[in-house]
Amino acid sequence: MILPDFEYRKAETVADAIGLYNEFAGNVRYLAGGTDLMPLLKHRLSTPAVVIDLKGILDLSTITAQDGWLTIGANVTLFALKQNQTIRDYFPVFYQSLEATACETLQMRGTIGGNLLQDTRCIEYNKSNDWRVARGFCLKMGGKTCNVVPGARVCLSNYCSDNALALISLSATVKVIGPGGERAMAIEEIFSGKGSKPFALEPGEILTHIRIPMEKSKGAYEKLRVRKSIDYPLVAVAACLKEDNARICVGGIGPAPRVYDLKGLGTDRVVDASRSTYADAKAVSNTTLSPEYRKRMAGVLFRRAVNKALKEEK
Ligand SMILES: Cc1cc2nc3c(=O)[nH]c(=O)nc-3n(C[C@H](O)[C@H](O)[C@H](O)COP(=O)(O)OP(=O)(O)OC[C@H]3O[C@@H](n4cnc5c(N)ncnc54)[C@H](O)[C@@H]3O)c2cc1C
């Protein structure tokens, strides 16, 4: 499939990129590895006048451990993160989510910033323009109906980053810089909960860094997919255990991850929480697996992830 015409500009600093954003009045898309963006452009799901390449911003390509935090630049590739010994030693849930992401070729190209800010997906949306014109534009394409659930008022597309779930379970924070200045927030606050516009970022904001508190934890990542590699999660659960508490994050169903904080890890507590996960999972027919199965598997993977993490040596 052929890319549409756009102007390509390369930024060397974050200020450069924001300057370009302002110069082109926001009719731009930021580019990192391009593994999510390029298919969207090819399908004409996004038609910016200008693509601003962020990969030349070297400040965003480092990993540093300092003052009790591991700070990761948004341009660091998933493969580089997987090779990092601190991540292996301190954050097993993150190492496992990286390992479960797509395949090594994509991990070498894809960045953590792009992974977190990848668009939501739907079996009726990620299609060619011709296909979508024939079917009729849905809510996410600016139309008036949902092509999956007739009558739905909101878009129910799925957010499919594996690594966002692990980072949420690790209580990570993110830093963003945009035309209005800089701010930091808990990673879960970047989600709007809306499938048609999944991120609560201000126009032009750039994700610059992710910070994880440097505390050793037990953890596990469980992912349901059709094939063993390349596939997006159809439901996934990240569990991070510290002392007798757990932070668990469920994703792959609906537009934003859901977080569960557990005080105490007794069997009854875990089973009760897994039942809540099942009840909360609002799966619809927008993937290759049935909604009933994905909903059921949300609870199953929840228990599996907690039990696997409990057995892990710290
Ligand atoms: C075949 C295939 C399989 C995949 N499987 C998985 C999977 O199993 N699990 C998974 O999690 N993902 C999967 N992905 C999704 C995704 O492509 C990768 O996860 C990758 O990490 C995205 O990073 P990127 O650097 O290529 O992002 P890009 O495509 O460059 O960017 C993605 C989005 O983020 C924006 N962006 C990028 N960086 C920044 C920044 N610093 N600030 C602001 N905005 C930014 C871009 O504008 C774009 O909207 C898959 C993709 C493909 C093509």
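Here the structure is shown first, and the text comes after it.
Notes on the structure follow. What you see is a predicted model; the values in this text were computed from it and never measured. (Residues numbered from 1 in each chain as written. Predicted model: local features only at pLDDT ≥ 70, side-chain atom pairs only at ≥ 80, totals over all residues. Heavy atoms only, no water.)

**Points about the overall build of the protein chain**
Part 1 of the reasoning: The number of helices and strands found in the protein chain is eleven helices and twelve strands.
Part 2 of the reasoning: By the compact-globule yardstick of 20 Å for 314 residues, the protein chain fits well, its C-alpha radius of gyration being 19 Å.
Part 3 of the reasoning: The proportion of buried residues among the 314 residues of the protein chain is 52%.
Part 4 of the reasoning: For the protein chain, contacts bridging at least 24 residues in sequence account for 62% of all contacts bridging at least 6.
Part 5 of the reasoning: Only carbon and sulfur atoms are counted for the fraction: they give 51% of the accessible area of the protein chain, which is about 14,500 Å².
Part 6 of the reasoning: Averaging the positions of the 42 positive and the 33 negative side-chain charges in the protein chain gives two centres separated by 6 Å. (Helix = DSSP H or I, 4+ residues; strand = E, 2+ residues; numbered from the N terminus. Rg over C-alpha atoms; globule rule 2.2 N^0.38 Å. Buried < 20%, exposed > 50% of the residue type's maximum accessible area, 1.4 Å probe, protein only. Contact = heavy atoms within 4.5 Å. Areas by Shrake-Rupley, 256 points an atom, 1.4 Å probe, with all protein chains shown as cover. Lys, Arg positive; Asp, Glu negative; His and termini not counted. Charge placed at Lys NZ, Arg CZ, Asp CG, Glu CD.)

**Focus on the nonpolar core**
Part 1 of the reasoning: Formed by 39 residues in total, the largest nonpolar core has its most connected members in Ile72, Phe94, Ile112, Leu116 and Leu167.
Part 2 of the reasoning: Looking at this core, the elements with two or more residues in it are strand S5 (69–73), helix H3 (78–83), helix H5 (92–99), helix H7 (112–116), helix H9 (162–169), strand S6 (173–178), strand S8 (206–213) and strand S10 (235–242).
Part 3 of the reasoning: The dominant element in this core, judged by the number of residues it contributes, is H9, at five residues.
Part 4 of the reasoning: Not counting residues up to four positions away in its chain, the partners in contact with Leu167 are Phe94, Ile112, Leu116, Ala172, Ile187, Ile210 and Ile212. (Core = buried A, V, L, I, M, F, W, Y, C linked by side-chain atoms within 4.5 Å.)

**Comments concerning the state of the cysteines**
Part 1 of the reasoning: Tallying each qualifying case throughout the model produces zero disulfides.
Part 2 of the reasoning: Here Cys103 is not disulfide-linked; the sulfur of Cys160 is the nearest cysteine sulfur, at 16 Å.
Part 3 of the reasoning: Residue Cys103 is classed as buried on the basis of its relative accessible area, which comes to 19%.
Part 4 of the reasoning: For the unlinked cysteine Cys155, the closest cysteine sulfur is that of Cys138, found at 6.2 Å. (Disulfide = S-S within 2.5 Å.)

**Let's talk about the pattern of salt bridges**
Part 1 of the reasoning: Across all of its chains, the model carries 15 salt bridges by this definition.
Part 2 of the reasoning: Linking Lys140 and Asp119 is a salt bridge whose minimum nitrogen-to-oxygen distance equals 2.7 Å. Taken together, the positions of Lys140 in the loop between helix H8 (129–135) and H9 and Asp119 in the loop between H7 and H8 put the pair 21 residues apart, joining distant regions of the chain. Note on accessibility: Lys140 and Asp119 belong to one class, buried. (Salt bridge = Lys/Arg side-chain N within 4 Å of Asp/Glu carboxyl O.)

**Let's talk about the side chain of Asp36**
Part 1 of the reasoning: Structurally, Asp36 can be placed in the loop between strand S2 (28–31) and helix H2 (37–42).
Part 2 of the reasoning: Although Asp36 is buried, it makes no salt bridge; Arg121 carries the closest opposite charge, 4.4 Å away.
Part 3 of the reasoning: A distance of 3.0 Å separates the side chain of Asp36 from the backbone nitrogen of Asp119, its partner in a polar contact.
Part 4 of the reasoning: Contact partners of Asp36, with chain neighbours within four places excluded, come to Gln118, Asp119 and Arg121. (Polar contact = N/O pair within 3.5 Å; in protein donor to acceptor, adjacent residues only side chain to side chain.)

In short, geometric facts, not functional conclusions.
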